[in-house]
Amino acid sequence: VLHVSGQIDIMRQDLVEFSSSKSDPTKFFMIIKGLIHKHQRIIILSENIENLFSLIALMQILLNTIVICCTGFVIIITIDNDVGVAGLIKSVSYYLMITLEAFVFCFTGEFLSTKSKSIGDALYELLWYNMSPSDSRILLFMILRSQKRLTITAGKVIDLTLEGFTS
């Protein structure tokens, strides 16, 4: 995911350089064609990551949820039985670490989703409305494609986002 995010940052930098340079119309299509191919490769890489880690993330999230529930039960029993502060600290720290692990998975998906949305923002900042209609149409299609955010899911059931983590 960090590699995909890095590629998105590189593409955004290329877009900034493209907007700041006054290129001639013959080079416009070559540059845009390269950017479209780069965007497509980013999308394919993200889909490959999704296909590879989807089932792994599902099992991890399910097992983390079960462990979180069981650890919460142990914490309640520890409080009820007056086992002591040491037992309570062990249980709570284990609970926090398992919750943190689930958070890392969800944060990674949120990070990728936010980065993918930034491509559309960078395209919009290109002043496409000052270009010729044929040139701006190409950029508008890229903006439309970048609005479909890249995600990582847990078994194609739930998006790994911060919203999914809180639910």
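That block above? That's the structure.
Below or above, wherever it landed, is the structure these notes cover. Being a predicted model, the structure only gives us computed values, none of them experimental. (Residues numbered from 1 in each chain as written. Predicted model: local features only at pLDDT ≥ 70, side-chain atom pairs only at ≥ 80, totals over all residues. Heavy atoms only, no water.)

## Focus: the side chain of T153
Note the cut-off: In DSSP terms, a helix is any run of H or I states spanning at least four residues, a strand is any run of E spanning at least two, and both are numbered starting from the N terminus. Buried residues are those whose accessible area, probed at 1.4 Å on protein chains only, stays under 20% of the maximum for their type, while exposed residues exceed 50% and partly exposed ones sit between those limits. By the criterion applied in these results, polar contacts are pairs of N or O atoms within 3.5 Å in which, for protein atoms, one can donate a hydrogen and the other can accept it, and in which residues neighboring in sequence qualify only through two side-chain atoms. Two residues qualify as a contact provided that any one of their heavy atoms is within 4.5 Å of a heavy atom in the partner residue.
Take T153: it is sitting in strand 1 (residues 153-154). Overall, the relative accessible area of 9% leaves T153 in the buried class. Of note is the side chain of T153, whose polar atom sits 2.4 Å from the side chain of E50. Among the polar contacts made by the side chain of T153, one reaches the main-chain amide nitrogen of K156 at a distance of 3.1 Å. Sequence-distant contacts of T153, that is, excluding residues within four places in its chain, are made with E50, S54, A57, I158, D159 and L160.

## Quick notes on the side chain of S91
Relative to the assigned elements, S91 resides in helix 3 (residues 85-124). Its relative accessible area of 12% is what places S91 among the buried residues. If sequence neighbours within four positions are ignored, S91 has contacts with T71, V74, I75 and T78.

## A word on empty space enclosed by the protein
In plain terms, the rule: A 1.4 Å probe that fits but cannot get out identifies a cavity on a 1 Å grid over protein atoms alone, an open set with protein on both sides within 12 Å along at least five of seven lines counts as a pocket, and a residue lines either if it has an atom within 4 Å of a point. Grid points are joined across faces, edges and corners, and a volume is the space filled by probe spheres set on the points. Each residue is assigned to one of three groups, with Ala, Val, Leu, Ile, Met, Phe, Trp, Tyr, Cys and Pro labelled nonpolar, Asp, Glu, Lys and Arg labelled charged, and all others, Gly among them, labelled polar.
This structure, assessed with the given rule, holds 1 cavity of 30 Å³ or more. H39, I42, I43, S116, I119, R145, S146, K148 and L150 are the residues that line the largest cavity. Only helix 2 (25-81), helix 3 and helix 4 (133-146) provide two or more residues apiece to the lining of the largest cavity. By residue number, the principal contributor to the lining of the largest cavity is helix 2, which donates 3 residues. Considering only residue class, the lining of the largest cavity consists of 4 nonpolar, 3 polar and 2 charged.

## Regarding the packing of helix 1 (residues 2-20) against helix 3
Our working definition: To obtain an axis, a line is fitted to C-alpha atoms, over the contacting stretch when the element is a helix, and the angle between two such axes runs from 0 to 180 degrees between their N-to-C directions. In this scheme, roughly parallel covers angles under 35 degrees and roughly antiparallel covers those over 145, while 65 to 115 is roughly perpendicular and the rest are oblique.
The interhelical angle for the contact between helix 1 and helix 3, taken along N-to-C directions, is 10°, at an axis separation of 10 Å. Viewed along their axes, helix 1 and helix 3 adopt a mutual orientation that is roughly parallel. Contacts between helix 1 and helix 3 involve L2, V4, S5, I8, D9, M11, R12 and L15 from the former and F111, L112, K115, S116, S118, I119, D121, A122 and L123 from the latter. Among the residues making up the contact of helix 1 with helix 3, the classes are represented as 10 nonpolar, 3 polar and 4 charged.

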